[in-house]
Amino acid sequence: MAERVAALLLADRLRPGRPLGLATGRTMEPVYAALARRLGRLEPALAAQVRQGWCSFNLDEYVGLGPQDPASFAATMARQLVEPLGLDPGRVRLPDGRAGDPDGEARRYGAAVAAAGGIGLQLLGLGLNGHVGFNEPPAGATVACRCLALSHHTRRQNAGAFGGDPGAVPRRAITLGMAEILAARRVLLVVTGGAKAAILRRALGEPPTPELPASWLQHHPALTVIADAEAMG
Ligand code: GLP
């Protein structure tokens, strides 16, 4: 599964068009590890081409955390992607969680994605409450990049990176909106584990609703879902 996703990401970077949209989370760890192995097996000239042409935008970042904080998504991407692939860190972009004005930073980040032509291939995980990126329910299909409050549910889900304490998880985050995600040329939704089976079934099978942000993906003209047997139920 991770191998298949990594192969798609590498194929995208071998013929780069628009920027790649990247996600963090446990689901993506084996994907980035597989991507690093694949890049290591490429002919050196091709691997250099991938590194030199790299351009990606992550979905989200916690407000208040900078790259020096190991729980930040910036630090996660440095550990899981930038270092193992040997990328120029400036080519792997994320919202600045330390910006003094998070709302302004969200506008700047959304504008930077638009200035780069929008996202080409968007990699997505699925939150247990149906969020994608950090688009917490309710989220309509047209909400843009913004700063928002994280739900208790999500803070509990992500507490592992904060010593298991949901209270230590930042209260706010900056996320690309459903608008930027749905405007991507192609969307790759990756779902693993039995805990996500019910929410995946609802996201793909029920009429789209703000209460289940991932359900808007049904409207996307080029959605690929890659799920393991447990997530398929
Ligand atoms: C997180 C992230 C999402 C991620 C999702 C699933 O909160 N903001 O981008 O896809 O939740 O995470 P995991 O893969 O750890 O289950």
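Above this text you will find the structure in question.
Being a predicted model, the structure only gives us computed values, none of them experimental.

Things to note about the overall build of the protein chain
Scanning the protein chain from N- to C-terminus turns up eight helices and nine strands. Relative to the compact-globule value of 17 Å for 233 residues, the protein chain shows a C-alpha radius of gyration of 17 Å, a close match. Structurally, the protein chain occupies a C-alpha span of about 45 × 40 × 35 Å along its principal axes. Classification of the 233 residues of the protein chain by burial places 52% in the buried group. Considering only contacts within the protein chain whose residues lie at least 6 apart along the sequence, 76% involve residues at least 24 apart. Accessible surface computed for the protein chain: about 10000 Å², of which carbon and sulfur atoms make up 54%. Charged side chains in the protein chain number 25 positive and 20 negative. The centres of these two groups are separated by 4 Å.

So, the packing of aromatic side chains
Applying the stated criterion to the full structure yields five aromatic pairs. Taking the centre distance of 5.8 Å and the plane angle of 65° together, the rings of Phe-57 and Tyr-109 count as edge-to-face. Within this pair, whereas Phe-57 is found in strand β2 (residues 56–58), its partner Tyr-109 is found in helix α5 (residues 102–115), the two being separated by 52 residues in sequence. Given a relative accessible area of 0%, Phe-57 falls into the buried group. Relative to Phe-134, the ring of Tyr-62 lies with its centre 5.5 Å away and its plane at 50°, an arrangement referred to as tilted. Of the two residues, Tyr-62 sits in strand β3 (residues 60–62) while Phe-134 sits in the loop between β5 (121–124) and β6 (146–149), which places them 72 residues apart along the sequence.

Side note on the sheet that holds strand β7 (residues 172–175)
Sheet architecture is open: three strands sit in the order β3-β7-β6, paired in antiparallel fashion. Looking at which strands have only one partner, the edges of the open sheet turn out to be β3 and β6. With strand direction ignored, the average angle separating the axes of adjacent strands in the sheet is 25°.

Details of the layout of surface pockets
A water-sized probe rolled over the atoms picks out the places where empty space is left. Reported here for the largest pocket is a volume of approximately 640 Å³. Around the largest pocket, the lining comprises 32 residues; the ones closest to its centre are Thr-24, Gly-25, Arg-26, Phe-73 and Asn-158. Looking at the lining of the largest pocket, the elements with two or more residues in it are β3 and α4 (73–85). Per-element accounting of the lining of the largest pocket gives the leading share, four residues, to α4. Space inside the second largest pocket adds up to approximately 200 Å³. Taken together, Leu-8, Ala-11, Asp-12, Arg-15, Gly-17, Arg-18, Gly-120, Leu-121, Arg-185 and Arg-186 make up the lining of the second largest pocket. Counting residues per element, the lining of the second largest pocket draws most heavily on helix α1 (residues 2–14), at three residues. Of the residues assigned to the lining of the second largest pocket, the class counts are three nonpolar, two polar and five charged.

Re the pairing of strand β8 (residues 186–191)
Buried residues dominate β8, accounting for five of its six residues. Bridge count for β5 against β8 is four bridges, and the pairing is parallel. Across the sheet, Leu-121 pairs through a bridge with Arg-186, a residue of β8. In this sheet, strand β9 (residues 223–227) lies alongside β8 in parallel orientation, the contact comprising five bridges. In the strand pairing of β9, Val-187 is matched with Leu-223. Considered for its hand, the β-α-β crossover made up of β8, helix α8 (residues 197–205) and β9 is right-handed.

Digging into the packing of helix α2 (residues 29–41) against α4
Contact pair α2 / α4: the axes reach a minimum separation of 9 Å and the direction vectors enclose 5°. On the basis of the axis angle, α2 is roughly parallel to α4. Within the contact between the two elements, α2 uses Glu-29, Tyr-32, Leu-35, Ala-36 and Leu-39 and α4 uses Met-77, Gln-80, Leu-81, Pro-84 and Leu-85.

Some words on the side chain of Asn-58
Within the secondary structure, Asn-58 sits in strand β2. Those residues within four positions of Asn-58 in sequence are excluded, and the remaining contacts are Leu-22, Ala-23, Thr-24, Met-77, Val-92, Arg-93, Leu-94, Pro-95, Tyr-109 and Leu-176.

Here's the deal with α5
Residue pairs spaced three or four apart in an α-helix point in one direction, given the helix's 3.6 residues per turn. The terminal C-alpha atoms of α5, which comprises 14 residues, lie 19 Å apart, in line with the 20 Å expected from a rise of 1.5 Å per residue. Along α5, the positions that sit buried rather than exposed are Pro-102, Gly-104, Glu-105, Ala-106, Tyr-109, Gly-110, Ala-112 and Val-113. Considering only its buried residues, α5 is in contact with β2, β4 (92–93), β6, β7 and α7 (178–182). Phi for Gly-117, located one or two positions after α5, is positive at around 100°.

The rules we used
- Residues numbered from 1 in each chain as written.
- Predicted model: local features only at pLDDT ≥ 70, side-chain atom pairs only at ≥ 80, totals over all residues.
- Heavy atoms only, no water.
- Helix = DSSP H or I, 4+ residues; strand = E, 2+ residues; numbered from the N terminus.
- Rg over C-alpha atoms; globule rule 2.2 N^0.38 Å.
- Buried < 20%, exposed > 50% of the residue type's maximum accessible area, 1.4 Å probe, protein only.
- Contact = heavy atoms within 4.5 Å.
- Areas by Shrake-Rupley, 256 points an atom, 1.4 Å probe, with all protein chains shown as cover.
- Lys, Arg positive; Asp, Glu negative; His and termini not counted.
- Charge placed at Lys NZ, Arg CZ, Asp CG, Glu CD.
- Phe/Tyr/Trp six-rings, centres within 6.5 Å; stacked < 30°, edge-to-face > 60°.
- Pairing = 2+ DSSP bridges.
- Axes fitted to C-alpha atoms, helices over the stretch in contact; angles between N-to-C directions.
- 1 Å grid on protein atoms, 1.4 Å probe; cavity = no way out; pocket = protein on both sides within 12 Å on 5 of 7 lines; lining within 4 Å.
- Points joined across faces, edges and corners; volume = space filled by probe spheres on them.
- Nonpolar A, V, L, I, M, F, W, Y, C, P; charged D, E, K, R; others polar.
- Right-handed = clockwise from strand over helix to strand, strands pointing away.
- Parallel < 35°, antiparallel > 145°, perpendicular 65-115°, else oblique.
- Expected span 1.5 Å × (residues − 1).

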